[in-house]
Amino acid sequence: MTSSSLSQVKTYSFWYRYKRYIIPSVLATLLLIAIIIFYRLNPAVTQAVLASTIRQSTPLILGALCGILCERAGIVNIGIEGQMLLSAWTAYMMNVWSGNLLLSVIVGALTGALLGMLLAFTSVTLKLNQIIGGTVINILALGLTGFLYQTGMTTKGKLQPIPLGGLADIPLVGPVLFNNPPITYTAIALVFLLQIYLFMTPWGLRTRSVGEHPRAADTLGINVFRTRYINTIVGGAIAGLAGAFLTLEAVGSFERGMTNGRGFVALAVMIFGKWNPIGAWLAALLFGFANAMQTQFQFMGTFDIPHQFIGIIPYVLTIIVVSGFVGRSRPPAAEGEPYEKE
Amino acid sequence: MTAETSVKKPANWLLSIWRSIRVPLVAIILALIIGAIILLVTGVSPIKAYLALFKGAFGSTKYLQRTLEKTTPLIFSGLAVAFAFKAGLFNIGAQGQLLLGAITSAFIGFSLKGLPPVLHISLALIGGGLAGAFYGFIPGMLRSFTGAHEVITTIMLNYVAINITDYLADGPWKDTSPGNVVAMTPQIEQSARIPFIGPVPVGFLIAIVISVLIWYILGKTNLGFEIRTVGLNPHAAKYAGMRTKMILVLTLVISGLLAGIGGAVETQGVVYRYQPGFNTGLGFDGITIALLGRTSPLGVIPAALLIGAMKAGSNVMQFEAGVAKEILDVIQALMLFFVSADMIVRWIIRVRKESAEEVTLTTSWGQK
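These figures come from a predicted structure and were not determined experimentally.

**Topic: the overall build of chain A**
1) Next: Of regular secondary structure, chain A possesses 13 helices and two strands.
2) Next: Among the 342 residues that make up chain A, the fraction classed as buried is 46%.
3) Next: Considering only contacts in chain A between residues 6 or more positions apart, those separated by 24 or more positions represent 76%.

As structure tokens, then:
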């Protein structure tokens, strides 16, 4: 009796302790097998879909990383859409004007950082409602880019894929993962960098404490205002990279309202990934995959599903997750509240 | 002191109006000044642009009619956002509720035939309102019973609504008349179109009546009192025995109803069909309007008139002064910024905040 209940406790605790590793590894294995089967059946399409998944997920993960940095420090950023849009435009204009792609990327990131600073100024210094601060950024970016945009400009080119030596020659994995343009590589590197920053460094711990309990953080001598400023500005720069990705890497030109809701999907990605860089990356890949499949279906015309139904999926999934129907996603506790020093 | 106030009552009444409009007024002027600077930098005379804008909005009966047409749905979306603010809810989803209202009213408008106008118009309006109300009910229930913050859920629902309406306008409800390749519904029947009295659309009058009604509900009824109490302090409301969860749901339902009617009015009074992309931004304009109107149902009317005039005048401005009309979005964003960052405005005009004119807004999704 005692021994059996003891072993029950043991098995329970084994599952309980390791389920966070077991479930993902089982899923990953299944996914891998599925990919290999599809690759054997139709190599060209499988490769195209996976490569497109990576491309589609890049702006989403960059936007989500911006959201994570801001929200972990307690600032709600619904202005990601606007930050992306204005940065896309400035990066494009820099490319038209100078033809220097590196300079254009930097200008895009700086634009995002500047808008991040505006958000920090409104929400930290002015203690304005953060949702309104974000909405101001969105309308402002839409208006400014629409007002200043002129048609008929040409650029000298866009960012090209850089094959990573011998890695790019591996079948399937090479072309999908190791033959990408620079911003895509940067995005993947940032995922891991930010994961380490947030959860393994003292600065990350400070950021999270500011987002969870600013009063306690302040008592410990952490500068709440400065932390919020830095995170929002760096986050803005990352959203700026997402904008630069759109005009310099993906499309090569600018159109009015070209972000087309990606900033809001990035919010969904952030929530879906539970405010966690690696989680958000997986979510971004999932949403990117849904988009890639949607394009593929339309292209092949095999299924008669209206593409709008596939377009709904990310949003509905996000509603389900925030409602706690499947795996609750909890935001940082002090989010959205301006901090008042006593 | 008290004797003095009772003697000077009419003056005080005027003073309180002045106090509630001075901050929005200065915010509007600041936004226009910065807009003028942007115009100057891009080499356009701001005076010429603003004069053309004014002419395009009020210069003739035709223009005035257009301004009122544009204003009508804006009153409703402003009311929708302002109403939710009163219960401490931020309804970013007015856009989605409005889209569903617009397409539902279009469907009722083109599918039912041979009805008397009064019946057809009201049916389509009510149908649109109910669609919006249903779409407000979802985030309301989620907020009350799962704790999912309405800002997230309504942002997501906006995109769901865009997809649904795109699908309907390009699929089952598409205009099948020969030669049409665009995604849009057929034109609605003549009997569903909202008529005009002179240059004044009847919808505009309905909007004013409903604004007064909402003002009455919020200020003079038990329900309004409960909504405002929940907005000011949900814990106190709960402690006082109010059913806060039901009130939150009801608030979003009414807010959605108003936004839905706004969409219906746009369909029945301006566009006469549903076409994707025609109503973009109306819901977001509602946020600016609600805040310019200090979240008061009556304040929403002049605020909507201002934004409506800007929208209506934009064409003439573009044509006569050669200014891209997107500059008005920039000005609108600045208005939203200055009216909500009222400490800047107060610092400029050197007035302190008074508790009576304070606008309480919900904070964000970190809070439960």
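Now that the structure has been shown, we can carry on.
**Topic: the overall build of chain B**
1) Next: The secondary structure content of chain B amounts to 15 helices and two strands.
2) Next: A globule of 368 residues ought to have a C-alpha radius of gyration of about 21 Å, and chain B, at 21 Å, matches this closely.
3) Next: Within chain B, the proportion of its 368 residues that are buried is 54%.
4) Next: Across chain B, contacts joining residues at least 24 apart in sequence account for 79% of those joining residues at least 6 apart.

**A closer look at unusual backbone geometry**
1) Next: One non-glycine residue with positive phi stands out, namely A:Asn260, at about 50 degrees.
2) Next: Relative to the elements of secondary structure, A:Asn260 occurs in the loop between helix H10 (224-250) and helix H11 (262-272).
3) Next: Phi at B:Arg294 is positive, roughly 50 degrees, even though this residue is not glycine.
4) Next: As for its position among the elements, B:Arg294 is in the loop between helix H12 (282-292) and helix H13 (300-321).

**Observations regarding the interface of chain B and chain A**
1) Next: Taken together, the contact pairs 35 residues of chain B with 40 residues of chain A.
2) Next: If you list the elements that add at least two residues to the side of chain B that touches chain A, you get helix H6 (117-146), helix H7 (150-170), H12 and helix H14 (327-340) of chain B.
3) Next: In terms of residue count, the dominant contributor to the side of chain B that touches chain A is H7(B) (10 residues).
4) Next: The class makeup of the residues in the side of chain B that touches chain A is 22 nonpolar, 10 polar and three charged.

**Quick look at helix H4 (residues 61-86) of chain B**
Residue and element names in this part refer to chain B.
1) Next: The end-to-end C-alpha distance of H4 is 36 Å, a good match for the 38 Å that 26 residues give at a rise of 1.5 Å each.
2) Next: Of all 26 residues that make up H4, 22 are buried, and the element is covered over most of its length.
3) Next: Directly after H4, the chain includes Gly88, whose backbone phi takes a positive value near 75 degrees.

**Description of the nonpolar core**
1) Next: A:Ile61, A:Leu65 and A:Val269 are the most contacted members of the largest nonpolar core, which totals 201 residues.
2) Next: The residues contacting A:Ile61, other than those within four sequence positions of it, are A:Ala187, A:Val191, A:Val269, A:Ala280, A:Trp281 and A:Ala284.

**A look at the packing of helix H7 (residues 182-200) of chain A against helix H8 (residues 202-212) of chain A**
For any two helices packed against each other, the geometry comes down to the angle between their axes and how far apart the axes lie.
Residue and element names in this part refer to chain A.
1) Next: Following both chains from N to C, one finds H7 and H8 inclined at 75 degrees, their axes separated by 5 Å at the closest point. Considered as vectors, H7 and H8 are oriented roughly perpendicular to each other. Each of Tyr197, Leu198, Phe199 and Met200 in H7 lies in contact with H8, whose residues at this interface are Trp203, Gly204, Thr207 and Arg208.

**Here we look at the environment of B:Ser211**
Residue and element names in this part refer to chain B.
1) Next: Structurally, Ser211 is set in helix H8 (residues 202-220).
2) Next: Note: C-alpha distance between Ser211 and Ala80 (131 residues apart in sequence) is 10 Å.
3) Next: With residues near it in sequence (within four places) discarded, Ser211 still touches Ile75, Leu79, Pro297, Leu298, Val300 and Ile301.

**Topic: helix H5 (residues 130-148) of chain A**
1) Next: With 19 residues, H5(A) should reach 27 Å at 1.5 Å per residue; the first-to-last C-alpha distance of 27 Å fits that figure.
2) Next: For H5(A), the tally of buried residues reaches 17 of 19 residues, placing the bulk of the element in the interior.

**Thoughts on the confidence of the model for chain B**
Residue and element names in this part refer to chain B.
1) Next: Confidence in the prediction for chain B averages 87 pLDDT; 92% of positions are at 70 or higher.
2) Next: Every residue in residues 1-8 is under pLDDT 50, and counting partners more than four places away or in other chains gives one contact.
3) Next: For this predicted complex, the interface score ipTM comes out at 0.84, alongside a pTM of 0.86.

**Topic: the environment of A:Pro171**
1) Next: Checked against the element boundaries, A:Pro171 lands in the loop between strand S1 (162-163) and helix H6 (173-177).
2) Next: On the neighbour-count criterion, A:Pro171 (10 C-beta atoms within 10 Å) is exposed.

**Let's talk about the packing of H4(B) against H8(B)**
Residues and elements named next belong to chain B.
1) Next: Between H4 and H8, whose axes approach to 9 Å, the crossing angle comes to 15 degrees. Taken as axis vectors, H4 and H8 run roughly parallel relative to one another. You can see that H4 and H8 cross each other, and the crossing is left-handed. From H4, Leu68, Thr71, Thr72, Ile75, Phe76, Leu79, Phe83 and Lys86 reach across to H8, where they touch Gly203, Phe204, Ala207, Ser211, Ile214 and Leu218.

Here is what the cut-offs are and how they apply
Residues numbered from 1 in each chain as written. Chains lettered and ligands numbered in written order. Predicted model: local features only at pLDDT ≥ 70, side-chain atom pairs only at ≥ 80, totals over all residues. Helix = DSSP H or I, 4+ residues; strand = E, 2+ residues; numbered from the N terminus. Buried ≥ 20, exposed ≤ 12 C-beta atoms within 10 Å, placed from the backbone. Contact = placed C-beta atoms within 7 Å. Rg over C-alpha atoms; globule rule 2.2 N^0.38 Å. Nonpolar A, V, L, I, M, F, W, Y, C, P; charged D, E, K, R; others polar. Expected span 1.5 Å × (residues − 1). Core = buried A, V, L, I, M, F, W, Y, C linked by C-beta atoms within 7 Å. Axes fitted to C-alpha atoms, helices over the stretch in contact; angles between N-to-C directions. Parallel < 35°, antiparallel > 145°, perpendicular 65-115°, else oblique. pLDDT = per-residue confidence, 0-100. Left-handed = near helix turned anticlockwise from the far one by under 90°.

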